[in-house]
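Fold and geometry: a report
Letter by letter, the chains look like this.
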Amino acid sequence: MPIRHFHIFLGASILSVMLMGCNTGEKVDFASEVRPILNKHCITCHGGVKKSGGISFLFEEEALVEGESGKRAIVPGNASASEFIRRLHEDDPELRMPYEKPALNQEEIDLLERWINQGAEWGKHWAYTPPQDISVPQPDQEAGFLPENSDFIQSDIDHFIMARLEENELSPNVPAPKNIIARRLAFDLTGLPPKAEWFTSYTQGEMEYETLVDSLLAQPSFGEKWASWWLDLARYADSKGYEKDQGRTMWKYRDWVINALNENMPYDQFTTEQLAGDLLPDPSMDQLIATAFHRNTMNNDEGGTEDEEFRVASVLDRVNTTFQVWQSTTMECVQCHSHTYDPFRHEEYYNMMAFFNNAMDEDTPHEDPVLKFYSEKDQKTLNEIFQWNLKHGNQEVADKFNKFLMYNEPFYQVHHAKNFVNGELADTKYLSLWPNGSCYYDDIYTQGSPNLYFKYWANDNGTVMTLRKDNNEGEVLARFNIDKTPREIIRKVPFAEVQDSIRLFFEAENPTLPQQTGTSFISWFAFLPDLPGEGQPGHDQIQKKFLDLLNTVTPTVPIMIENPDYMKRTTRVFERGNWLTLADTVTPVTPAILNPWKQEWPKNRLGLSQWLVSKENPLTARTLVNRVWHQLFGNGFVASLEDMGSQSEPPSHPALLDWLSLRLMNENEWQLKSLIKDIVMSGTYRQSSEGNPTLHQIDPENRLYARGPRLRLTAEQIRDQALAVSGLLSSKMYGPSVMPPQPDGVWQTVYSSETWVVSKGEDRYRRGLYTYIKRTSPYPSFMSFDASSREVCTIRRTVTNTPLQALVTLNDPVYLEAAHQLAIDMKKAENIESAIARGYEKAVFRELSPDKKQALSELYEESLATFKMDTKAMDDFLGTDDAELAALTVVANAIMNLDEFITKS
């Protein structure tokens, strides 16, 4: 062979070997190896916020195009031709990437080169791929990591946990003592200490563990405990928020949540009814109440605010909350730009907004639409009207009038008025025309209705209101007198039939009033057909009953109702997230990275709920499993409960997370109680929470679950426990929120006469779940223990440890009263030592140790001596002349401040 040809052959062979070398070795995984490097070093300049040089590494198609330089950043299969790699090797600081940041290390660059040479396959983050079938691992029993005679393996869950413990050469802990596990289980399932008879039966071996689990799951208190968790997600409160923060009647929704959880409503149904109960066929009252989930958004009643601005704020909150609650996805930043780290595009945010943008609520003081709850007598009248309309009309007519009685929709809000002459929106909310005043409304569709209904009040007599078509010279459609009203009322007046959408012109005349005096104050107006059956006996009486019922004042709850097609809103992209800067029109579409949309789903909130609970959705089941596990263990498999995106930590037990998710959907049919039972039946859950220095060093946060959970109880649980062990706790359920004692002067309510009035009788001692929550001034002792103000969706509560918490349990009147009541029970014992032991065991469900016994006895003696010497101090403390009882109260109060009282171990 000629030498020249040999050299060519040799060079080609070397190049071939080099290229082969680049493609050998283990395949690089984009999601776990490449994406973290891009997110850490590149995405801030080449991602959702900025696309420097025309390149983004957020989406595959944006990374493979030519940049502004005319060169391709990534050439799949050829790292040396990729501008991306060349810039990583640059010495010139003006050209090297990352710009003005530390260079990537050689290991990271090599990994990126291998990935590109292997074809630059993009791949999905694990959380965006639906769970796959998982086989239960069978740990090596001969490895020696299980203690002798261990009964750790109680369920399939334990096999997954054991496999991870073996990887880390750890052994599971011994089972917790029966008294400890009984208390732990009771708090986790019901939020309360165990019942004495059940505790005794279980600890003495008369009741099986599974029987105890089933008994607790069947308790009404189960729904109350888990409702407290859900209401944080739902941002439930008893006030509207913002500056005025006036009261809001929402407790019917809270009661619906409790009932749904107690009835073990499947989570897919639980989801659908809350997001779209109003869109179900012939929705029930309960299904309408459920939609209050998204009416928990705040409402701004402050004068001078722009209603549309805060309506939009509520809609955006609904988008964000839906993704936080069901998808563990933070969508807030996508309002302004594509997600910085995850594959959610800016436009997709507004596609999602389109699902929610057609709801009827508009940030008005009445919070319409609101569902009315009629008395039993009025309900009979409502049914009578319905039957009349059904007999003399048809189902459609009967439903139309029935819906108007139930929630007064659809109607037109008056704040859309234009071109005021001698008039205004009083307090920016009510249509108020002055003498010789006028305004108009565009796009009013009366459906040819011959009747105008409107809600208003007036302070004076003698006003003539004229409604015209188009302008002040247009056809008169209605003319009627308005006189002084005793209160806000709904009235009916005749209206000329008009078929098309029109401009409706309002004008008011009242020569007896001075200028700039409101002739009336109108909240809304609507159009309805005539009641059917005119001329039939009883028609006039039914008409009167209909109007009387409309004007009946009833309890209400805000609900979600969809606008009819003729009032449907258009959704547009907000440039840079600014609601005043509108761009392209969009329609309801779900993010492309997640499960596909099925054609049979309607393009509204109902379809969205079906998309969320589809078994193809990769995030919904994982999110629920992760958060329920966190409720029981204090850790989720994914540590960041709020986020399963590419910036979150990988799951500690990915196989178990997916196994439980699939079991939840398929075998347990979305039932929450079944999921919870699966977890608490495991040996993992039943372990002792006692740690040791070695375990603390290896796994300080217990992410491997080599011990049981040890957590501080929630704010509500600590208070409920104090009331329960003292015998004060009321078992009363449901109804309006209550106001237990709180320090004077906490509420500084403006604009209204609302005050904190301490509840009487058993309402004073109800569970914390029922405590009135004013967003700008939440219940102080709950806030000290990290409860939420419920202004926004709260995925997890922070857990702090501050001196304020001890000050609450030592001084708050609720805890002092509970301690006093416990002391009364303690005094029934034969002697002081027995009394202290009795109180301790009743409070914490364990025997009193000698050192604590000595400390509490010394506290009793010191307190007794003080009270005997200073009777005024005793009187100030309890208002009693019984020094022994006062000293026992001090001891009981100290017991309620012990670590074992305020923690679940």
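Just so we're clear, the structure is a prediction, and the values are computed from it rather than from any experiment. (Residues numbered from 1 in each chain as written. Predicted model: local features only at pLDDT ≥ 70, side-chain atom pairs only at ≥ 80, totals over all residues. Heavy atoms only, no water.)

Helix and strand counts for the chain stand at 32 helices and 15 strands. Overall, the chain is about 105 × 105 × 55 Å in size when its C-alpha atoms are taken along their principal axes. Considering the chain as a whole, with its 905 residues, one finds that 56% of them fall into the buried category. Relative to all contacts within the chain whose residues are 6 or more apart in sequence, the contacts with residues 24 or more apart total 71%. Of the roughly 39,100 Å² that the chain leaves accessible, carbon and sulfur atoms contribute 50%. For the chain, the separation between the mean place of its 88 positive charges and that of its 130 negative charges on side chains is 3 Å. (Helix = DSSP H or I, 4+ residues; strand = E, 2+ residues; numbered from the N terminus. Buried < 20%, exposed > 50% of the residue type's maximum accessible area, 1.4 Å probe, protein only. Contact = heavy atoms within 4.5 Å. Areas by Shrake-Rupley, 256 points an atom, 1.4 Å probe, with all protein chains shown as cover. Lys, Arg positive; Asp, Glu negative; His and termini not counted. Charge placed at Lys NZ, Arg CZ, Asp CG, Glu CD.)

Oppositely charged side chains may form a pair once their charged atoms are brought near each other. All chains considered together, the criterion is met by 48 salt bridges. The partner of Glu62 in a salt bridge is Arg345, and the shortest N-O contact between them spans 3.3 Å. With Glu62 in helix H3 (residues 60-63) and Arg345 in the loop between helix H14 (307-327) and helix H15 (346-356), this residue pair connects regions lying 283 residues apart in the sequence. According to the relative accessible area criterion, Arg345 is partly exposed, its value standing at 27%. The residue Lys429 makes a salt bridge to Asp427 at a minimum N-O spacing of 3.9 Å. Here the salt bridges do not stand alone but share partners, grouping Glu83, Arg86, Arg87 and Glu90 into one network. (Salt bridge = Lys/Arg side-chain N within 4 Å of Asp/Glu carboxyl O.)

This paragraph deals with the environment of Ile157. Note on placement: Ile157 falls in helix H6 (residues 156-167). According to the relative accessible area criterion, Ile157 is buried, its value standing at 1%. Sequence separation between Ile157 and Arg86 is 71 residues, and the spatial gap between their C-alpha atoms is 48 Å. Every residue in contact with Ile157, bar those within four places of it in the chain, is listed here: Trp629, Leu656, Trp659, Leu660, Asp678, Ile679, Ser682 and Thr684.

With 14 residues, helix H27 (residues 813-826) extends 20 Å between its outermost C-alpha atoms, agreeing within 8% with the 20 Å of an ideal straight helix rising 1.5 Å per residue. Of all the positions in H27, only Val814, Tyr815, Leu816, Ala818, Ala819, Leu822, Ala823, Asp825 and Met826 are classed as buried. Packed against the buried residues of H27 are helix H24 (715-726), helix H26 (803-811), helix H28 (832-844), helix H30 (871-878) and helix H31 (883-895). Two or three places before Val814, at the start of H27, stands the capping residue Asp812, its side-chain oxygen 2.8 Å from that residue's backbone nitrogen. (Expected span 1.5 Å × (residues − 1). Polar contact = N/O pair within 3.5 Å; in protein donor to acceptor, adjacent residues only side chain to side chain.)

Together, Asp91, Asp92, Glu94 and Glu100 line one region of the surface with negative charge. Of note, Asp91 is situated in the loop between helix H4 (83-89) and helix H5 (106-117). Its relative accessible area of 75% is what places Asp91 among the exposed residues. (Patch = residues over 30% accessible without salt bridge, like charges linked within 9 Å, V, L, I, M, F, W, Y side chains within 5 Å.)

The next thing to look at is the packing of aromatic side chains. Counted under the stated rule, the structure contains 52 aromatic pairs. Their ring planes at 35° and their centres at 6.2 Å tell us that Phe222 and Trp226 sit as a pair that is tilted. Within this pair, Phe222 and its partner Trp226 are both found in helix H10 (residues 220-233), separated by four residues, close to a single helical turn. The exposure classification of Phe222 matches that of Trp226, with both residues buried. (Phe/Tyr/Trp six-rings, centres within 6.5 Å; stacked < 30°, edge-to-face > 60°.)

Quick look at the nonpolar core now. Residues Trp230, Tyr253, Phe546, Val628 and Trp629 are the most contacted members of the largest nonpolar core, which totals 142 residues. Apart from the residues within four sequence positions on either side, Val628 is in contact with Trp226, Trp229, Leu672, Leu675, Ile676 and Ile679. Tyr765, Phe782, Val808 and Met874 belong to the second largest nonpolar core, which has 50 residues in total. (Core = buried A, V, L, I, M, F, W, Y, C linked by side-chain atoms within 4.5 Å.)

Glancing now at the side chain of Asp368. With respect to the helices, strands and loops of the structure, Asp368 is situated in the loop between H15 and strand S1 (370-372). Among buried Asp, Glu, Lys and Arg side chains, Asp368 stands out as unpaired, with Lys455 the closest opposite charge at 5.5 Å.

Inspection of the entire model under this criterion finds zero disulfides. The closest cysteine sulfur to the non-disulfide-bonded Cys42 is located on Cys45, 8.9 Å from its own sulfur. Here Cys42 falls in the buried class, since its relative accessible area comes to 7%. Note on Cys333: no disulfide assigned, nearest cysteine sulfur contributed by Cys336 at a separation of 8.3 Å. (Disulfide = S-S within 2.5 Å.)

Taking 1.5 Å as the rise per residue, helix H29 (residues 850-869) with 20 residues should run 28 Å; its terminal C-alpha atoms sit 29 Å apart, in good agreement. Taken together, the buried residues of H29 touch H28, H30 and H31.

With that out of the way, let us pick up the packing of helix H16 (residues 376-392) against helix H18 (residues 539-550). Running from N to C, H16 and H18 cross one another at 130°; their axes reach a closest spacing of 10 Å. Between H16 and H18, the crossing angle belongs to the class labelled oblique. The element H16 and its partner H18 pack so that their crossing is left-handed. Listed contacts from H18 to Asp378, Thr381, Leu382, Glu384, Ile385 and Trp388 of H16 are His539, Ile542, Lys545, Phe546 and Leu549. Its residues placed into classes, the contact of H16 with H18 shows six nonpolar, two polar and three charged. (Axes fitted to C-alpha atoms, helices over the stretch in contact; angles between N-to-C directions. Parallel < 35°, antiparallel > 145°, perpendicular 65-115°, else oblique. Left-handed = near helix turned anticlockwise from the far one by under 90°. Nonpolar A, V, L, I, M, F, W, Y, C, P; charged D, E, K, R; others polar.)

All right, on to the environment of Asn617 then. Its location among the elements puts Asn617 in the loop between helix H19 (605-612) and helix H20 (620-633). The class of Asn617 is buried, set by a relative accessible area of 1%. Separated by 77 residues in sequence, Asn617 and Asp540 place their C-alpha atoms 54 Å apart. Setting aside residues no more than four positions away along its own chain, Asn617 makes contact with Gln327, Asn595, Trp611 and Leu612.

Here Met97 and Pro98 are connected by a cis peptide whose omega angle stands at 0°. Along the chain, Pro98 turns up in the loop between H4 and H5. The step from Glu409 to Pro410 runs through a cis peptide bond, and the omega angle for that step is 0°. Of note, Pro410 is situated in the loop between helix H17 (395-407) and strand S2 (412-413). Of note, Asn408 is a non-glycine position whose phi angle comes to about 55°, a positive value. Looking at the element boundaries, Asn408 is found in the loop between H17 and S2. For Asn408, a relative accessible area of 5% translates into the label buried. Even without glycine at this site, Glu669 takes up a positive phi of about 50°. As for its position among the elements, Glu669 is in the loop between helix H21 (654-667) and helix H22 (672-680).

Per-residue pLDDT for the chain averages 92, and the proportion of residues at 70 or more is 96%. This model gives residues 1-24 a pLDDT under 50, and the stretch forms six contacts once residues within four places in sequence are excluded. (pLDDT = per-residue confidence, 0-100.)

Think of two packed helices as two axes; the pair is described by the angle between the axes and how far apart they sit. The interhelical angle for the contact between helix H2 (residues 30-41) and H5, taken along N-to-C directions, is 125°, at an axis separation of 11 Å. Classified by the angle their axes make, H2 and H5 are oblique. Of the two possible hands of crossing, H2 and H5 adopt the one that is left-handed. In contact with Phe30, Glu33, Val34, Ile37 and His41 of H2, H5 contributes Glu108, Leu111, Leu112 and Trp115. A per-class count over the contact of H2 with H5 returns six nonpolar, one polar and two charged.

Moving on to the pairing of strand S3 (residues 418-426). Moving residue by residue along a regular strand, the side chains alternate between the two faces of the sheet. As paired strands, S3 and strand S4 (residues 430-444) are joined by six bridges and run antiparallel to one another. Along S4, the bridge assignment pairs Gly423 with Leu433. Hairpin connection, S3 to S4: the antiparallel pair is bridged by three residues, and Asp427 has positive phi, about 55°. (Pairing = 2+ DSSP bridges.)

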